[in-house]
There are 2 protein chains.
Amino acid sequence: MLGGFIRAQRQVANLSLRQLSALTEISNPYLSQVERGLHEPSIRVLKSIADALNVSAEILFEQAGLITGTEKLGDEATESAIRADQRLTEAQRTALLAVYRSYVEDNREEG
Amino acid sequence: MLGGFIRAQRQVANLSLRQLSALTEISNPYLSQVERGLHEPSIRVLKSIADALNVSAEILFEQAGLITGTEKLGDEATESAIRADQRLTEAQRTALLAVYRSYVEDNREEG
DNA sequence: CTGGAGTGATTGACATGCCAAGCAGGGCGT
DNA sequence: ACGCCCTGCTTGGCATGTCAATCACTCCAG
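Residues numbered from 1 in each chain as written. Chains lettered and ligands numbered in written order. Predicted model: local features only at pLDDT ≥ 70, side-chain atom pairs only at ≥ 80, totals over all residues. Heavy atoms only, no water.

## Description of the overall build of chain A
Part 1 of the reasoning: What chain A contains, in helices and strands, is seven helices and zero strands.
Part 2 of the reasoning: Taken from the N to the C terminus, the helices and strands of chain A come in the order α-α-α-α-α-α-α.
Part 3 of the reasoning: When the 111 residues of chain A are sorted by exposure, 43% land in the buried category.
Part 4 of the reasoning: For chain A, the proportion of contacts with a sequence separation of at least 24, taken over those separated by at least 6, is 41%.
Part 5 of the reasoning: Accessible surface computed for chain A: about 6,100 Å², of which carbon and sulfur atoms make up 49%. (Helix = DSSP H or I, 4+ residues; strand = E, 2+ residues; numbered from the N terminus. Buried < 20%, exposed > 50% of the residue type's maximum accessible area, 1.4 Å probe, protein only. Contact = heavy atoms within 4.5 Å. Areas by Shrake-Rupley, 256 points an atom, 1.4 Å probe, with all protein chains shown as cover.)

## Topic: unusual backbone geometry
Part 1 of the reasoning: Unlike most non-glycine residues, Asn54 of chain A shows phi in positive territory, near 55°.
Part 2 of the reasoning: By the element assignment, Asn54 of chain A lies in the loop between helix H4 (43-52) and helix H5 (57-63).
Part 3 of the reasoning: A positive phi angle, close to 65°, is found at Glu25 of chain B, a residue other than glycine.

## Description of the protein's contact with DNA strand D
Part 1 of the reasoning: Taken together, 23 residues surround DNA strand D, and among them Ser32 and Arg36 of chain A together with Tyr30, His39 and Ser42 of chain B come closest.
Part 2 of the reasoning: The backbone of Leu17 of chain A places a nitrogen or oxygen atom 2.9 Å from a phosphate oxygen of DNA strand D.
Part 3 of the reasoning: Side-chain polar atom of Arg36 of chain A to a phosphate oxygen of DNA strand D: 2.5 Å apart, as the coordinates give it.
Part 4 of the reasoning: For the surface near DNA strand D, the secondary structure elements donating two or more residues are helix H1 (2-12), helix H2 (17-24) and helix H3 (28-35) of chain A together with helix H3 (28-35) and helix H4 (43-53) of chain B.
Part 5 of the reasoning: Among the elements that make up the surface near DNA strand D, the one with the highest residue count is H3 of chain A (four residues).
Part 6 of the reasoning: When grouped by side-chain class, the residues that make up the surface near DNA strand D number seven nonpolar, eight polar and eight charged. (Near = heavy atom within 4 Å. Polar contact = N/O pair within 3.5 Å; in protein donor to acceptor, adjacent residues only side chain to side chain. Nonpolar A, V, L, I, M, F, W, Y, C, P; charged D, E, K, R; others polar.)

## Side note on the nonpolar core
Burial of nonpolar side chains together is a common tendency in soluble globular proteins.
Part 1 of the reasoning: The biggest cluster of nonpolar side chains holds 39 residues, and the ones touching the most others in it are Ile6 and Leu60 of chain A together with Ile6 and Leu60 of chain B.
Part 2 of the reasoning: Apart from residues no more than four positions distant in its own chain, Leu60 of chain B is found in contact with Leu2, Phe5, Ile6, Leu46, Ile49, Ala50 and Val55 of chain B.
Part 3 of the reasoning: Counting residues in hydrophobic clusters, the runner-up holds 14 residues, among them Ile82 and Tyr103 of chain A together with Leu88 and Tyr103 of chain B. (Core = buried A, V, L, I, M, F, W, Y, C linked by side-chain atoms within 4.5 Å.)

## A closer look at the protein's contact with DNA strand C
Part 1 of the reasoning: Surrounding DNA strand C, one finds 22 residues, the nearest of these being Tyr30, His39 and Ser42 of chain A together with Ser32 and Arg36 of chain B.
Part 2 of the reasoning: Take Ser27 of chain A: an N or O atom from its main chain is 3.1 Å from a phosphate oxygen of DNA strand C.
Part 3 of the reasoning: Contacts to DNA strand C include Leu17 of chain B, whose backbone N or O atom sits 2.8 Å from a phosphate oxygen.
Part 4 of the reasoning: Elements represented by at least two residues in the surface near DNA strand C include exactly H3 and H4 of chain A together with helix H1 (2-12), helix H2 (17-24) and H3 of chain B.
Part 5 of the reasoning: Per element, the largest residue contribution to the surface near DNA strand C is four residues, and it comes from H3 of chain B.
Part 6 of the reasoning: Tallied by class, residues from the surface near DNA strand C come to seven nonpolar, seven polar and eight charged.

As structure tokens, then:
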């Protein structure tokens with residue numbers, strides 16, 4: 001699945017395995033194996049492939065089954081963002097989440 | 001960097017290494033090593049951690065340096081998420097944003 | 001004080017990612 | 001026919017991801 005997608009993208013870009021290898025600094029044998037699904041590439045490899053093929057990393061991740069399609073726009077985006085926000089202190093995070101949840105809960109009750 | 005972020009998220013969620021281990025089906029020693037930056041986890045591991053901690057996979061990828069900084073989710077991720085949240089009314093959105101901004105501002109002043 | 005039950009960390013072994021070297025075949029010019 | 005350069009693929013081995021077993025520590029009940 002992922003491998004096939006990468007191979008297709010490479011061919012669309014008219015690149016040989018060795019050319020892609022040069023761009024990504026990943027050996028061509030390994031690229032071959034990844035494209036045929038014999039190996040699950042590491043994060044670093046996946047990223048450099050995405051860059052070289054001018055494919056948004058997100059799309060590759062989606063192909064890899066990492067992002068479940070609409071996840072980024074899903075219901076939990078706000079909670080996730082708050083939790084990950086480095087500009088908030090721990091106490092602030094907790095408080096903000098509590099407020100947010102109470103809002104959502106209120107709206108749910110009203111229908 | 002990535003490891004520290006995962007550790008912080010785990011502690012926010014009030015989980016021990018073994019509890020997270022149970023949720024993710026990843027051994028607790030390995031989680032420990034990942035959190036301390038001794039190993040770069042595979043894609044599969046990263047995703048199961050993201051799922052278990054209810055963190056958007058994208059946010060984890062950004063922390064992992066996968067998404068180059070502001071490509072998708074930068075400092076404004078929280079604001080964006082709040083604005084896009086369909087579960088909030090307009091008034092709630094405004095209020096939440098105001099609280100959020102005041103937090104960030106406070107922290108900036110303190111240095 | 002002693003003994004569980006919880007916490008995170010270390011270690012040694014096995015599985016897998018990844019690469020350098022080399023192989024087999026297909027065009028194309030001489 | 002040869003030889004060259006290109007293509008993708010196979011293989012052996014080192015580096016790294018991952019786990020089972022175990023350790024040291026803290027805390028609290030008996």
